[in-house]
Amino acid sequence: MSFFPLSEDRAWQTLREAAMADWAGTSCWTSAESGITLHAGGAWHYAGQTDEPARRLLDCLAPCVCAPSPFTLAQLGQSIDGRIATVSGASHYVTGQQGLIHLHRLRALVDAVVVGAGTVAADDPRLTVRHVAGRNPLRVVLDPRARLSARHRLFRDGDAPVLYLTGQRPPAGLGSHVEVATVQLDSEGVAPAEVLARLHERHCQRVLVEGGGITISRFLAAGLLDRLHAVVAPMLIGSGRPSLTLPEIDTLDEAHRPPCRVHQLDEDVLFDLVLKAQDGRQ
Ligand SMILES: NC(=O)c1ccc[n+]([C@@H]2O[C@H](COP(=O)([O-])OP(=O)(O)OC[C@H]3O[C@@H](n4cnc5c(N)ncnc54)[C@H](OP(=O)(O)O)[C@@H]3O)[C@@H](O)[C@H]2O)c1
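Quick caveat: nothing in here was measured; it's all calculated off a predicted structure.

A. Quick peek at helix α2 (residues 52-65). Counted at 1.5 Å a residue, the expected span for α2 with its 14 residues is 20 Å, and the 20 Å between its end C-alpha atoms agrees. At D59, α2 shows its largest kink, close to 30°, and the proline P63 lies no more than four residues downstream. Among all positions in α2, only A54, L57, L58, C60, L61, A62, P63, C64 and V65 are buried.

B. Representation of the site of the ligand in the model. Taken together, 27 residues form the shell around the ligand, and within it T119, D123, R147, V190 and T215 come nearest. At 2.5 Å from an oxygen atom of the ligand is found a side-chain nitrogen or oxygen belonging to D123. The side chain of T215 places a nitrogen or oxygen atom 2.6 Å from an oxygen atom of the ligand. Its free accessible area being 920 Å², the ligand has 91% of it covered by the protein chains.

C. How the structure looks around the domain arrangement of the chain. Under the domain assignment used here, the chain contains domain 1 (8-62) and domain 2 (67-274). With centres defined by C-alpha atoms, the gap from domain 1 to domain 2 works out at 26 Å. Contacts between the two partners involve 10 residues from domain 1 and, on the opposite side, 15 residues from domain 2. Summed over both partners, the interface of domain 1 with domain 2 buries about 1000 Å², with 63% contributed by carbon and sulfur atoms. On the domain 1 side of the contact with domain 2, W12, C60 and L61 bury the most area, a combined 50% of that side's loss. Seen at the junction of domain 1 and domain 2, the total is one salt bridge. Between R105 and E8 there is a salt bridge whose closest N-O contact spans 3.6 Å. Put simply, domain 1 and domain 2 have three residue pairs in polar contact (both at pLDDT 80 or more) between them. Among the secondary structure elements, those contributing two or more residues to the side of domain 1 that touches domain 2 are α1 (8-20) and α2.

D. Structural detail: the pairing of strand β13 (residues 227-233). Counting buried residues in β13 gives seven out of seven residues, a clear majority hidden from the surface. Side chains R227, H229, V231 and A233 project from β13 onto one buried face, and the interleaved L228, A230 and V232 project onto a second face that is buried too. Inspection of the sheet shows strand β4 (residues 71-79) paired to β13 by seven bridges, in the parallel sense. Note that in β13 the partner of A74 across the bridge is L228.

E. Molecular detail of the pattern of salt bridges. If you walk through the whole model with that rule in mind, you get 11 salt bridges. We note a salt bridge from R55 to E52, for which the minimum N-O separation is 3.8 Å. Of this pair, R55 and E52 both sit in helix α2, three residues apart, roughly one helical turn. R55 sits in the partly exposed class, given a relative accessible area of 34%. Across the salt bridge formed by R227 and D272, the nearest N and O atoms sit 2.9 Å from each other. Pair noted here: R227 is in strand β13 and D272 is in strand β16 (residues 268-274), with a separation of 45 residues, a long-range link. Residue R227 shares its accessibility class with D272, and that shared class is buried.

Calculation notes
- Residues numbered from 1 in each chain as written.
- Predicted model: local features only at pLDDT ≥ 70, side-chain atom pairs only at ≥ 80, totals over all residues.
- Heavy atoms only, no water.
- Helix = DSSP H or I, 4+ residues; strand = E, 2+ residues; numbered from the N terminus.
- Expected span 1.5 Å × (residues − 1).
- Bend = angle between axes of the 7 residues up to and from the residue.
- Buried < 20%, exposed > 50% of the residue type's maximum accessible area, 1.4 Å probe, protein only.
- Near = heavy atom within 4 Å.
- Polar contact = N/O pair within 3.5 Å; in protein donor to acceptor, adjacent residues only side chain to side chain.
- Areas by Shrake-Rupley, 256 points an atom, 1.4 Å probe, with all protein chains shown as cover.
- Domains from an automatic or database assignment.
- Contact = heavy atoms within 4.5 Å.
- Buried area = accessible area lost by both parts, 1.4 Å probe.
- Salt bridge = Lys/Arg side-chain N within 4 Å of Asp/Glu carboxyl O.
- Pairing = 2+ DSSP bridges.

Laid out in structure tokens, this is it:
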């Protein structure tokens, strides 16, 4: 077999294929198209020459693709001082173009993307895949008090299905692509475990929690995240919406210090935190 030099596009295509492939009973998977082999745990092998961007992409994303299901990942773009937006909610853009592409790649690799009501209210996001090739995930909105209105873009655009989880009567006028599910609320809103249980029931095994800080903090505090991608931009906002807020601790011995891998995304730095040990995809 002759091997082509491996380009970033080909590496990306392979990661997308691997995310959809059936890994049942195997600890590695080889793409018939590109010849790349991915191993459980995220190691990869290619017998030919590999471009530097392709190598970086595989190093960064193979561990997410090879993770066992179900798999829940969160991603945040934050300033060095731990802010994800200004006080008024402006967050476009904390991270640079490579950070944006990274986020769209994560969306393309999962079955569902989850956001809190605060993010929909502030950003009016579409939550679709536009900066890279790939399919759109199910879009999931947590709005316990039904404070959002039907005017938001993802409730109108029909580009991908939406699951709207609330404890109240939903707003009138939601598009026909929006499924409303009424859920039992806990003291803080929609319980993260309930969100994941509902998604797993619908065969959405791979989930991205995209924000904001409150939503990701709750999933993290509940011990439900397998990995956290924190993209840190060399920017000081100095005030505004915090990244993570967890229950108080007294000493630094109690702080989380998960294993971490670091990747450069232009000027930004991606900290890939492994919150749960992963042996490989099954
Ligand atoms: N830089 C980034 O990566 C990034 C990413 C996303 C968003 N943002 C920015 O972050 C800001 C919004 O973030 P945020 O932290 O203020 O709010 P958020 O996490 O988007 O939304 C929080 C709200 O969602 C509802 N909710 C229901 N169940 C929940 C649950 N289990 N966990 C969390 N929330 C639940 C609650 O609504 P109720 O208050 O109605 O009860 C809660 O107040 C915006 O300014 C946005 O621009 C930045």
